[in-house]
Amino acid sequence: MDPALLQAAGEVFGRVDVWLIIVAAACYGIFVGAIPGLTATMAVALFVPVAYWLDPVAAIGAIVTMVACAIFAGDIPTVLLRIPGTPASAAYADEAYRLSEKGLAQHVLSVSLTCSVIGGIIGAVLLMVLGSQFAAIASWFSVTEYFWLYLIGLHCCVLVAPAGARWKALLSLILGILLSTVGLSAVHLEPRFTFHSVALYHGISFIPAMIGLFGLSEVFANLSQTKRGDSIASPAATSVSFGTIIQSARSALVTRLVKRRSGTVRSSLIGVLIGMLPGAGADIASWVTFAAAKRGRGSNADGELVDAIGDATTANSAALAGGWIPTLVFGIPGDSITAIVIGVLLMKNVTPGPAIFESQPSLVYGIYLVFLIANLVMLPVGFLAIRLGLRLVRIPKQILLPIIVLFCVTGSYSLNASLFDVAIMLAMGLIGFVMNRRGFPLGPVVLGLVLGGPLEERLIQTLTASGGNPLGLLNRPIAVVLAIATLLIVASIVRQSIREVRGQRI
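Every value quoted in this text rests on a predicted model; they were computed, and no experiment measured them.

J.: What's the story with the overall build of the chain in this structure? I'm lost.
T.: Of the regular secondary structure elements, the chain holds 21 helices and two strands. Out of the 506 residues in the chain, the part that is buried amounts to 55%. The long-range fraction of contacts in the chain, counting pairs at least 24 apart against all pairs at least 6 apart in sequence, stands at 78%. With the model as given, the accessible surface of the chain reaches about 21,000 Å², and the carbon-plus-sulfur share is 68%.

J.: What exactly am I supposed to notice about helix H20 (residues 443-465) here?
T.: Since one α-helical turn is 3.6 residues long, residues separated by three or four positions face the same way. Compared with an ideal rise of 1.5 Å per residue, which puts 23 residues at 33 Å, H20 spans 33 Å between its outermost C-alpha atoms and is within 8% of the ideal. The principal kink in H20, of about 40°, is found at leucine 451, preceding the proline proline 454 by one to four residues.

J.: I would appreciate a short explanation of helix H19 (residues 419-437) in the present structure.
T.: For H19, built from 19 residues, the straight-helix expectation of 27 Å at 1.5 Å per residue is met to within 8% by its first-to-last C-alpha distance of 27 Å. Considered for burial, the residues of H19 that qualify are Asp421, Val422, Ile424, Met425, Met428, Gly429, Gly432, Phe433 and Met435. One side-chain oxygen of the residue at the start of H19 lies 3.1 Å from the amide nitrogen of phenylalanine 420, identifying that residue as serine 418. Positioned one or two residues after H19, glycine 439 has a phi angle of 80°, which is positive.

J.: Whenever I open this one, empty space enclosed by the protein confuses me. Can you help?
T.: The rolling of a water-molecule-sized probe over the atoms marks out the regions of remaining empty space. Applying the stated rule across the entire model yields four cavities of 30 Å³ or more. There is about 90 Å³ of room inside the largest cavity. In terms of lining, the largest cavity is formed by ten residues, of which the most central are Val67, Leu320, Trp324, Ile337 and Phe371. Contributions of two or more residues to the lining of the largest cavity are made by helix H4 (56-73), helix H14 (302-330) and helix H15 (336-347). Among the elements that line the lining of the largest cavity, the one with the most residues is H4, at four residues. Here the residues of the lining of the largest cavity sort into eight nonpolar, one polar and one charged.

J.: How should the environment of phenylalanine 193 be read in this particular structure?
T.: Looking at the element boundaries, phenylalanine 193 is found in the loop between strand E2 (191-192) and helix H9 (206-223). For the pair phenylalanine 193 and threonine 181, spaced twelve residues apart in sequence, the C-alpha separation works out to 7.7 Å. Not counting residues within four places of it along the chain, the set of residues in contact with phenylalanine 193 comprises Thr181, Val182 and Leu200.

J.: Before we go on, may I ask you to explain a nonpolar patch on the surface in this structure?
T.: A cluster of nonpolar side chains, namely Trp167, Leu170, Leu171, Ile174 and Leu178, defines an oily patch on the protein surface of about 490 Å² accessible area. Within the secondary structure, leucine 178 is located in helix H8 (residues 166-180).

J.: Explain the nonpolar core to me, please; I cannot follow it from the model alone.
T.: Note that soluble globular proteins tend to have their nonpolar side chains buried in a common cluster. Core analysis: the biggest nonpolar cluster contains 149 residues, and Val67 and Trp324 have the highest contact counts within it. If you tally residues by element for this core, the top one is helix H17 (residues 361-392), at 16 residues. When near neighbours in sequence (up to four residues on either side) are disregarded, valine 67 contacts Ala40, Val44, Leu320 and Ile337.

J.: Can you walk me through the side chain of threonine 486 in this structure?
T.: Counting through the fold element by element, threonine 486 comes out in helix H21 (residues 477-505). Of the polar contacts made by the side chain of threonine 486, one reaches the backbone oxygen of leucine 482; its length is 2.8 Å. The contacts of threonine 486, once residues within four sequence positions are left out, are Trp148, Leu151, Ile152 and His155.

J.: How do you make sense of the pattern of salt bridges when you look at a structure like this?
T.: Between side chains of opposite charge, a pair can form when the charged atoms approach closely. The tally for this structure, following the rule as stated, stands at six salt bridges. Between aspartate 17 and arginine 15 there is a salt bridge, with its nearest N and O atoms 2.8 Å apart. With relative accessibility at 21%, the residue arginine 15 sits in the partly exposed group. Here arginine 458 makes a salt bridge to glutamate 457, at a shortest N to O gap of 3.9 Å. Arginine 458 gets classed as buried once you look at its relative accessible area, which sits at 16%. Relative accessible area serves as the criterion here: at 26%, glutamate 457 is assigned to the partly exposed category. Within the structure, one salt-bridge network assembled from shared partners comprises Arg15, Asp17 and Asp55.

J.: Explain the environment of proline 3 to me, please; I cannot follow it from the model alone.
T.: Relative to the helices and strands, proline 3 is located in helix H1 (residues 3-13). Once the C-alpha coordinates of proline 3 and serine 362 are considered, the two residues, 359 residues apart in sequence, prove to be 8.3 Å apart.

J.: What is the right way to read unusual backbone geometry from this model?
T.: Trans peptide bonds make up the majority, and among non-glycine residues the majority have a negative phi. Despite not being glycine, phenylalanine 195 shows a phi value in the positive range, around 50°. Within the secondary structure, phenylalanine 195 sits in the loop between E2 and H9. We classify phenylalanine 195 as exposed; its relative accessible area is 69%. With phi around 60°, histidine 196 is a residue other than glycine that occupies positive phi space. For histidine 196, the location among the structural elements is in the loop between E2 and H9.

What counts as what
Residues numbered from 1 in each chain as written. Predicted model: local features only at pLDDT ≥ 70, side-chain atom pairs only at ≥ 80, totals over all residues. Heavy atoms only, no water. Helix = DSSP H or I, 4+ residues; strand = E, 2+ residues; numbered from the N terminus. Buried < 20%, exposed > 50% of the residue type's maximum accessible area, 1.4 Å probe, protein only. Contact = heavy atoms within 4.5 Å. Areas by Shrake-Rupley, 256 points an atom, 1.4 Å probe, with all protein chains shown as cover. Expected span 1.5 Å × (residues − 1). Bend = angle between axes of the 7 residues up to and from the residue. Polar contact = N/O pair within 3.5 Å; in protein donor to acceptor, adjacent residues only side chain to side chain. 1 Å grid on protein atoms, 1.4 Å probe; cavity = no way out; pocket = protein on both sides within 12 Å on 5 of 7 lines; lining within 4 Å. Points joined across faces, edges and corners; volume = space filled by probe spheres on them. Nonpolar A, V, L, I, M, F, W, Y, C, P; charged D, E, K, R; others polar. Patch = residues over 30% accessible without salt bridge, like charges linked within 9 Å, V, L, I, M, F, W, Y side chains within 5 Å. Salt bridge = Lys/Arg side-chain N within 4 Å of Asp/Glu carboxyl O. Core = buried A, V, L, I, M, F, W, Y, C linked by side-chain atoms within 4.5 Å.

Given below as structure tokens:
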């Protein structure tokens, strides 16, 4: 056996301090991910001072574990309260909460936990086996390919909208894109729609907007129909034991590995491929995979939605490993978290890049093993989190709703220590409440807000490079392939809309 692998195994498996740090990081990640507004990136950033006192293996192990657990924990408020704990959970917030209202909260969370573990392990294996090959594919993408990739992501939310509601999803998406234009232009630094307000120069941050749209709007909706003593979910949906949760997770594991093998592999590959693209990450992986899963199943039955959510959680967990591929191979961060990781490695006199595979192979093997352990540790900690989360929604509304408002305000303010972000959260809460009443989906608003800026930036960069010629958007083979994929998605949306209109006339 490779001596470097043996050394890495000894450093990871044979050290009690590494195990204790990983378990503590798992609890910390679950706590941060379950609170709306506190992101995995924020958790890692706050951990950096602690990482200074740890050796590279322990520091990387803690970061990988807390991020993996935070991404899963984001599903807990998503399912129970319809408040995405992290942006990666926003893709299926409405569907997950609808299932929760039917008493399926425990089942959905068990599937989410199981699929997160499976996706994380498959992503880690792909990172070990095909890391350098995948990194070569990622290097083929230029700003032009990113433009088409973002465009595909935006169209996906319209494609998966329920029949008869696609035009509403399109209007919600347009609203999100319009909101993304507020502030200084990323390319020309010209103020737009700021109304001479300095606070608006930085634009509308999507974290407070997301908390307002999904969280505060739900509080308003509950206040409009609540009765004294009501709870968020029915007692039947929340009175479950550890044994029931573990049994449900075991059933989900068998389903994913036996009946949904192709979907699991496909979701993992999508997650890794999108995760290794700089700037893409788990959020887009979740949206694209959820759209592909819903599109493939062609039904909105409860079982189909659970499977689609399982695919999305598999992808966003696998994307975490994908983000490490360009980081380790090229020294290029795949997302904001791996950018912080590069800083931590440099702080330890470790320089990521091709040379690290020859100069410090034991550290590379150690990172691989840490990925496997992090996802396995997430399982028991996740069971405990689900159990506690299900107890949370049994609290009467008159107690729980003020607590939710407190978390909404805290999460919005903590991002930039700005009262303006709290005001944005309140405004978006009112907008979300009205949109909900009118049947407009909220997910496309968040997606438009997240991808609108990068889409505009890549478009202008491409057009500038081509001297203003629109054909510059098709100047590379991969760009042509992605453009054709975009056209096929648009054609599918138009065809389905026409079919629905004809069906209504008959």
